[in-house]
Amino acid sequence: MTKKVAVLTSGGDAPGMNACIRAIVLACERANYAVVGYQHGYNGLINQEYCLLNNNQVHNLIQRGGTILQSARCHEFKTDAGAKKAAENLAELDIDTLIVIGGDGSFRGADHLGAFWSGQILGLPGTIDNDISGTDATIGFYTAIETAVSSIDKVRDTADAFERIFLVEVMGRHAGFLALRAALASSADYVILPELFDNPETTLNCITTQLNERRKQSDHISYIIVLAEKLWPGGIDNLAQALTDKTQSEVRPVILGHVQRGGSPVSEDRILATKLGAYAVSLVSKDITGVMLGEQEGKIVEVPFKMTWGKSKPLDQQLVTTMKTLMNERYA
Ligand SMILES: Nc1ncnc2c1ncn2[C@@H]1O[C@H](COP(=O)(O)OP(=O)(O)O)[C@@H](O)[C@H]1O
Ligand SMILES: O=P(O)(O)OC[C@H]1O[C@](O)(COP(=O)(O)O)[C@@H](O)[C@@H]1O
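Keep in mind it's a predicted model, so treat the numbers as computed, not measured.

Pairing is mixed in the open sheet, where seven strands are placed in the order β3-β2-β1-β4-β5-β10-β11. Of all strands in the sheet, those with a lone pairing partner are β3 (50-53) and β11 (299-304), marking the two edges. With strand direction ignored, the average angle separating the axes of adjacent strands in the sheet is 30°. In terms of strand pairing, strand β1 (residues 4-9) meets strand β4 (residues 97-102) through five bridges, oriented parallel. Of the residues in β4, the one forming a bridge with Ala6 is Leu98.

The next subject is the site of ligand 1. In the vicinity of ligand 1 there are 17 residues, among which Gly11, Arg73, Gly103, Gly105 and Gly109 approach most closely. Class assignment of the residues belonging to the shell around ligand 1 gives a composition of three nonpolar, ten polar and four charged.

With that settled, the discussion passes to helix α7 (residues 200-217). Taking 1.5 Å per residue, 18 residues should reach 26 Å; α7 reaches 26 Å between its end C-alpha atoms and fits that length. Every buried residue of α7 is accounted for by Thr203, Ile207, Gln210 and Leu211. Here the buried residues of α7 occupy an arc of 100° about the axis, which is enough to place them on one side. Along α7, exposed side chains directed more than 90 degrees from the buried face belong to Glu201, Thr202, Asn205, Thr209, Asn212, Glu213 and Lys216.

Across the interface, helix α6 (residues 177-185) lies against helix α11 (residues 317-328) with an axial gap of 11 Å and an inter-helix angle of 45°. Comparing their axes, α11 and α6 come out oblique. The element α6 and its partner α11 pack so that their crossing is left-handed. Across the interface between the two elements, Leu180, Ala183 and Leu184 from α6 touch Leu319, Thr322, Met323 and Met327 from α11. Each residue belonging to the contact of α6 with α11 can be placed in one class, and the counts come to six nonpolar, one polar and no charged.

The UniProt feature table records "domain: Phosphofructokinase" (unreviewed entry) at residues 4-283. Between the first and last C-alpha atoms of residues 4-283 the distance is 13 Å; the span itself is 43% helix and 17% strand.

The backbone of Asn32 shows a phi angle near 65°, a positive value even though the residue is not glycine. With respect to the helices, strands and loops of the structure, Asn32 is situated in the loop between α1 (17-31) and β2 (34-38). Positioned with a positive phi, Asn60 is a non-glycine residue whose angle comes to about 60°. Position of Asn60 relative to the elements: it lies in the loop between β3 and α3 (80-92). On the neighbour-count criterion, Asn60 (7 C-beta atoms within 10 Å) is exposed.

Around ligand 2, the neighbouring residues are Gly11, Gly12, Gly103, Gly105, Thr127, Ile128, Asp129, Met171, Gly172, Arg173, Glu229 and Arg261. Here the shell around ligand 2 is composed, by residue class, of two nonpolar, six polar and four charged.

In terms of domains, the protein is made up of domain 1 (4-140 + 265-309) and domain 2 (143-261). Residue-level contacts link 13 residues of domain 1 with eleven residues of domain 2. Counted by class, the side of domain 1 that touches domain 2 contains five nonpolar, four polar and four charged residues.

Here is what the cut-offs are and how they apply
Residues numbered from 1 in each chain as written. Chains lettered and ligands numbered in written order. Predicted model: local features only at pLDDT ≥ 70, side-chain atom pairs only at ≥ 80, totals over all residues. Pairing = 2+ DSSP bridges. Helix = DSSP H or I, 4+ residues; strand = E, 2+ residues; numbered from the N terminus. Axes fitted to C-alpha atoms, helices over the stretch in contact; angles between N-to-C directions. Near = placed C-beta within 6 Å. Nonpolar A, V, L, I, M, F, W, Y, C, P; charged D, E, K, R; others polar. Expected span 1.5 Å × (residues − 1). Buried ≥ 20, exposed ≤ 12 C-beta atoms within 10 Å, placed from the backbone. Arc of directions from axis to C-beta. Parallel < 35°, antiparallel > 145°, perpendicular 65-115°, else oblique. Left-handed = near helix turned anticlockwise from the far one by under 90°. Contact = placed C-beta atoms within 7 Å. UniProt positions renumbered as here; feature names shortened; annotations may be inferred. Domains from an automatic or database assignment.

Here it is in structure tokens:
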């Protein structure tokens, strides 16, 4: 074995992380590199908790959600002592390359580790939120959209049957990528996004105006509002109450929650994960470190870790315009 590669998954798990691990293991086997899987995110690095990976472990894996290495958040890794311990453990195992599959927090961690360990560190974007600068999409994003859309389709069935207003909260941490796409693809009536949120009163007035316009057209309407998480002051129940008070209508809140993190990855996530995983292994022994590998317009790009969380990634402006025309500003 000429090189030793380690891989871990960190932060919020995302569908496609397993597909990525599989690609790394198979590409390493082809290159005759040994592969170590650290478990429980950065906790595994600090506690020297690992397993050897070969093609037996990754057989029949590409379609499975979650991550066979488990994921976690790890406060100790943010300290110098934690990162130093991780560096010692990597040196003890003679690791040449560490591949971190995770979100922007995990890349801050990877960057921090680089101050204590001189081995090669590569990052692969894995999060349902798609909130990482430097890549058009993240592993898990497409599956989470499908999950949210199929759930909202079901909500619409009961919303129509009862002619009710429904609020559906989707994940995204502080970013609206998932909410915007889920709302458009499920033909929701209104979407409340962090990037465009003005204030509660303005938003309530817009929704009420829309409802009044719709009621002029028909006495029997249902109405679906998609809400990005952590956005409405006091949470989704407060919004439900405010809407009930303002419209005298029945409003029901639904929080999709962690359902959006699970399930079998859709083909776009499997392909992105496979492409980036195999490409990461092709960089082993090259003089490239401290970068995330992302995809921009179909091409793989190498983005320094510091650029992945630096500036906030903009929403697709064409989608925003479409959303405004067909949804939020339909009667403006
Ligand atoms: N500033 C930081 N310094 C060192 N490690 C960090 C830093 N920020 C995050 N991490 C590590 O990365 C882990 C995952 O980050 P988190 O933000 O929770 O998820 P994600 O990677 O999905 O964005 C954290 O639990 C911590 O171990
Ligand atoms: O699993 P937890 O700790 O409740 O975290 C929930 C958060 O994790 C996510 O599902 C994924 O976020 P990260 O990928 O940044 O970890 C967010 O959408 C959500 O806000």
